[in-house]
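Here's the letter readout for the chains.
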Amino acid sequence: MGNTYRIAVIPGDGTGPEVVNEGRKVLQAAGTRYGFNLEMTDFDFGGDRYLRTGEVLPKSAVDELRQFDAIYLGAIGHPGVKPGVLEKGILLRIRFELDQYINLRPVRLYPGVETPLRSKTPEHIDYAVIRENSGGIYTGTGGVSMKGTTHEVTVQSMVYTRFQVERCLRYAFEYARKFGKKARGRGEANTLGLVGKTNVLTYVFDLWERVFHEIGEKDYPDVKREYYHVDATCMWMVKSPEWFDVLVTSNMFGDIITDLGAETQGGMGIAAGGNINPEGVAMFEPIGGSAPKYTGKNIINPLAAICAGAMMLETLGEVEAANAVEDAVKEVTGTKIKSLSAGKMGYTTRQVGDLVAGFIQT
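Here we summarise the structure given alongside this text.

The rules behind these values
Residues numbered from 1 in each chain as written. Predicted model: local features only at pLDDT ≥ 70, side-chain atom pairs only at ≥ 80, totals over all residues. Heavy atoms only, no water. Helix = DSSP H or I, 4+ residues; strand = E, 2+ residues; numbered from the N terminus. Buried < 20%, exposed > 50% of the residue type's maximum accessible area, 1.4 Å probe, protein only. Contact = heavy atoms within 4.5 Å. Areas by Shrake-Rupley, 256 points an atom, 1.4 Å probe, with all protein chains shown as cover. Polar contact = N/O pair within 3.5 Å; in protein donor to acceptor, adjacent residues only side chain to side chain. Pairing = 2+ DSSP bridges. Right-handed = clockwise from strand over helix to strand, strands pointing away. Expected span 1.5 Å × (residues − 1). Patch = residues over 30% accessible without salt bridge, like charges linked within 9 Å, V, L, I, M, F, W, Y side chains within 5 Å. Salt bridge = Lys/Arg side-chain N within 4 Å of Asp/Glu carboxyl O. Phe/Tyr/Trp six-rings, centres within 6.5 Å; stacked < 30°, edge-to-face > 60°. Lys NZ or Arg CZ within 6 Å of the ring centre and 35° of its normal. Axes fitted to C-alpha atoms, helices over the stretch in contact; angles between N-to-C directions.

**Thoughts on the overall build of the protein chain**
Move 1: A count of helices and strands for the protein chain gives eleven helices and twelve strands.
Move 2: Taken along its principal axes, the extent of the C-alpha atoms in the protein chain is 55 × 55 × 40 Å.
Move 3: Within the protein chain, the fraction of its 362 residues that count as buried is 52%.
Move 4: A separation of at least 24 residues holds for 75% of the contacts in the protein chain among residues at least 6 apart in sequence.
Move 5: When the accessible area of the protein chain is evaluated, it comes to approximately 16100 Å², of which 50% is carbon and sulfur surface.

Here it is in structure tokens:
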């Protein structure tokens, strides 16, 4: 057996434990075939623990998580807990304290999966969005005065340092060099597109654009550089998604366009994401949420969680195994399941996991 990776598992709420179980099954199958070991340790962070103890996340939790190679998350969100409590207290705290400054979202249409984009096929929808995950307007810089009066004033500012911008862009250039279309044999060049709004947000995106071209010209001459306004990006994500290879953008714009991308690839049931610290611990998760109404019914679609597991393997350096998981998912969507919707797949949750693991083992 080769490398051993220590994985912190947070099954979470609702159907999270169900989809994580299938992800584990697939990850273990990949490890057996490709000669590495995964040591998985469970943490019970989520709504049930909060309702039982009144504690969202123990003070020691983040330091404990630092000791692992990666975090595998099922879902956070409990119908008995006010929205925002768990999300801020668990997800955002982990993201910020572990400095997971990259959010990586592949936008990939699998065979057999329906897309609302008429005439588009898997060869047309196959790109990645890299979202800066630590700065921008989401950090809460600002305030309110004279609240509740006719003269109320609110300010929430988009703040970026060059340090934040440059480290995100360097990750994006490296990712495009390693996983762009040319690297995958699907295009003439690896292309990184900066998504911004330089014609209106002239201070922030002047910084992004200057650093983009400075480091691109100096350190990544082999990666083709393009710039797209964010509104035009949204239009072309619908009309001609095949134009895109790797996109990089700010926190807010990334939040918006990744959900649009997820819908074009078939919806949240197949979308996976990673919150990544390239020098530290990264966290991988399905995007669709906890879906509490399906809890315990063995009918939820686990493929997004399985794809998140593939992303985790890729980031850990087990690229061949990650590709095998992706290929197995393609086989399942293309030849087996009828739908991504809960209860309409033609298979149970556990059976879908068995199918993916089976394709890896053969």
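**Focus: the side chain of Arg167**
Move 1: Tracing the backbone shows Arg167 in helix H5 (residues 162-179).
Move 2: Of the residues examined, Arg167 reaches a relative accessible area of 15% and is grouped as buried.
Move 3: Among the polar contacts listed, one links the side chain of Arg167 to the side chain of Asp99, at a separation of 2.8 Å.
Move 4: Excluding residues within four positions of it along the chain, Arg167 makes contact with Asp99, Tyr101 and Ser134.

**Focus: the environment of Ile76**
Move 1: With respect to the secondary-structure elements, Ile76 resides in the loop between strand S3 (70-75) and helix H4 (85-97).
Move 2: On the basis of relative accessibility, which here comes to 11%, the residue Ile76 falls in the buried class.
Move 3: Leave out the neighbours within four places in its chain, and Ile76 touches Gly12, Asp13, Phe45, Gly46, Leu86, Glu87, Ile90 and Leu91.

**Points about the environment of Ala272**
Move 1: For Ala272, the location among the structural elements is in strand S11 (residues 272-276).
Move 2: Between the alpha carbons of Ala272 and Leu104 there is a distance of 8.7 Å; along the sequence they are 168 residues apart.
Move 3: Setting aside its immediate chain neighbours within four residues, Ala272 contacts Leu104, Arg105, Pro106, Glu285, Pro286, Ile287, Ala304, Cys307, Ala308 and Met311.

**So, the pairing of strand S2 (residues 37-42)**
Move 1: Here six bridges tie strand S1 (residues 4-12) to S2, and the two strands are oriented parallel to one another. Bridge pairing in S2 links Thr4 to Asn37.
Move 2: For the segment spanning S1, helix H1 (residues 16-34) and S2, crossover handedness is right-handed.

**Digging into H5**
Move 1: The end-to-end C-alpha separation of H5 is 25 Å, in line with the 26 Å expected for 18 residues at 1.5 Å each.
Move 2: Gln164, Val165, Arg167, Cys168, Leu169, Tyr171, Ala172, Phe173, Tyr175, Ala176 and Phe179 are the residues of H5 that are buried.

**Details of a nonpolar patch on the surface**
Move 1: Taken together, the side chains of Met146, Val153 and Val155 define a hydrophobic patch exposed on the protein surface, amounting to about 250 Å² of accessible area.
Move 2: By the secondary structure assignment, Val153 is in strand S7 (residues 153-156).

**Topic: the packing of aromatic side chains**
Move 1: Taken as a whole and assessed by the stated rule, the structure comprises 13 aromatic pairs.
Move 2: Among the aromatic side chains, those forming a connected cluster through ring pairs are Tyr160, Phe205, Trp208 and Phe253.
Move 3: Here Arg6 stacks its cationic end above the ring of Phe68, 4.4 Å away from the centre of that ring.
Move 4: The residue whose ring lies beneath Arg167 is Tyr101, and the NZ or CZ to ring-centre distance is 3.8 Å.

**Things to note about the sheet that holds S2**
Move 1: With mixed pairing, the ten strands of this open sheet are ordered in space as S2-S1-S3-S12-S11-S4-S5-S10-S8-S9. Strand pairing shows two members of the sheet lacking a second neighbour, S2 and strand S9 (224-229), which therefore form its edges. The sheet shows a mean angle of 25° between the axes of neighbouring strands, direction not considered.

**Here we look at helix H9 (residues 303-316)**
Move 1: Given a rise of 1.5 Å per residue, 14 residues ought to cover 20 Å, and the 20 Å separating the end C-alpha atoms of H9 matches this to within 8%.
Move 2: Counting buried residues in H9 gives 13 out of 14 residues, a clear majority hidden from the surface.

**A closer look at unusual backbone geometry**
Phi is mostly negative for residues that are not glycine, and the peptide bonds are mostly trans.
Move 1: One non-glycine residue, Ser119, lies in the positive phi region at around 75°.
Move 2: The topology assignment puts Ser119 in the loop between strand S4 (102-108) and strand S5 (126-132).
Move 3: Accessibility expressed as a relative area gives 58% for Ser119, which makes it exposed.
Move 4: For Asn298, which is not glycine, the phi torsion reads 60° and is therefore positive.
Move 5: With respect to the helices, strands and loops of the structure, Asn298 is situated in the loop between strand S12 (282-286) and H9.

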